[in-house]
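Spelled out from the first residue to the last, the chains are:
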Amino acid sequence: MGWVASLAASPSLPTIYATVRSTPMIVSLKSPLSPLEEQIKGNVTLIVIDSCDLFIFPNATFTHYIRNFGIFYILDPVAAVGEAHHTLRPGGTAALTMWNINGALDLIHRVQRHLRPEAALWWPQEAEWNRGWTLRDVLVAGGFKEEAVRMIEEEEWTGPEDEEGLMNSFSEDYWEDANKATVSGGEREKWKNAVRECLSEGEKESGGVRMVAWIAVATKAPD
Ligand SMILES: C[S@@+](CC[C@H](N)C(=O)[O-])C[C@H]1O[C@@H](n2cnc3c(N)ncnc32)[C@H](O)[C@@H]1O
């Protein structure tokens, strides 16, 4: 949604339909307290709908379809891509992202193993999603021609850029569920110390974690 808001704030003011299945997501975005609320006014319409059945949009409506680190949450990703394909205009572009290397989750898993080796790894990623060809195959199964799908890999070390800040950011509330799944009672101090011990040399030096993304850019065949 942050990405949607930045697009909405761009000078060319595209018309954007932001769709999601979960009502709370939309409610929080529409909240007058939301920092995004001002930016998304005007040219963004928020709709609660299942991405696998975009029945409210006619065929060939959109110039672009964007799904940023979201396709792997959808139970039927091929159906979602099928909907992207039929709502795109001929020549339109779909851009979807997926993690190749998720350094943040990798650090969390290292911390979990350090604290309790037998702990079930939190939010285990479906291994096949980490391979670029899964994303490509889903796009092709959803209707895009194989030769019209371009896979791009982008790497970035991301974080607060200092070791202490990185340790603190991986000890925040956001990771509470992983903490609780590992240490009974989710003791914060124990978790924080483990994060410190588990940081790799690269993470200490950069104050960030290594994230490598797959970006799939697919063009719908012109008529
Ligand atoms: C981690 S968020 C990523 C959102 C993202 N930035 C994007 O571009 O889609 C995953 C979202 O997918 C939504 N979601 C999962 N299955 C869905 C479906 N079948 N239809 C619509 N939204 C769905 C969830 O409600 C959640 O808000």
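About the cut-offs
- Residues numbered from 1 in each chain as written.
- Predicted model: local features only at pLDDT ≥ 70, side-chain atom pairs only at ≥ 80, totals over all residues.
- Helix = DSSP H or I, 4+ residues; strand = E, 2+ residues; numbered from the N terminus.
- Contact = placed C-beta atoms within 7 Å.
- Buried ≥ 20, exposed ≤ 12 C-beta atoms within 10 Å, placed from the backbone.
- Near = placed C-beta within 6 Å.
- Nonpolar A, V, L, I, M, F, W, Y, C, P; charged D, E, K, R; others polar.
- Arc of directions from axis to C-beta.
- Axes fitted to C-alpha atoms, helices over the stretch in contact; angles between N-to-C directions.
- Parallel < 35°, antiparallel > 145°, perpendicular 65-115°, else oblique.
- Left-handed = near helix turned anticlockwise from the far one by under 90°.

- With an unreviewed UniProt entry as reference, the protein is termed Methyltransferase type 11 domain-containing protein, source organism Coniosporium apollinis.

As for the overall build of the protein
Inference 1: The number of helices and strands found in the protein is ten helices and six strands.
Inference 2: If you take every contact in the protein between residues at least 6 apart in sequence, the share linking residues at least 24 apart comes to 79%.

What to know about unusual backbone geometry
Excluding glycine, residues mostly have negative phi values, and the peptide bonds linking residues are mostly trans.
Inference 1: Within the chain, alanine 60 stands out as a residue other than glycine whose phi angle is a positive 55 degrees.
Inference 2: You can see alanine 60 is positioned in the loop between β2 (44-48) and β3 (62-67).
Inference 3: Of the residues examined, alanine 60 has 14 C-beta atoms within 10 Å and is grouped as partly exposed.
Inference 4: A positive phi is found at phenylalanine 69, a non-glycine position, where the angle reads about 50 degrees.
Inference 5: With respect to the helices and strands, the residue phenylalanine 69 is situated in the loop between β3 and α4 (77-87).

Section: the site of the ligand
Inference 1: Taken together, the neighbourhood of the ligand is formed by 13 residues, with Arg21, Ser22, Ser51, Asn68 and Gly70 sitting nearest.
Inference 2: When its residues are assigned to classes, the shell around the ligand shows six nonpolar, four polar and three charged.

Focus: helix α9 (residues 188-198)
Inference 1: Restricting attention to buried positions, one finds in α9 the residues Trp191, Ala194, Val195 and Cys198. Down the axis, α9 shows its buried residues gathered within 105 degrees of arc, on one side only. In α9, the exposed positions that point more than 90 degrees away from the buried face belong to Glu189 and Glu197.
Inference 2: Of the surrounding elements, those touching the buried residues of α9 are α5 (103-115), α7 (163-169) and α8 (176-182).

Points about the packing of α4 against helix α6 (residues 132-141)
Two packed helices can be described by the angle between their axes and the distance between those axes.
Inference 1: As a packed pair, α4 and α6 sit with axes 8 Å apart at the nearest point and diverge in direction by 55 degrees. The angle between the axes of α4 and α6 places the two elements in the oblique class. The element α4 and its partner α6 pack so that their crossing is right-handed. Residues Pro77, Val78 and Val81 of α4 pack against Val138, Leu139 and Ala141 of α6.
Inference 2: Taken together, the residues of the contact of α4 with α6 break down into six nonpolar, no polar and no charged.

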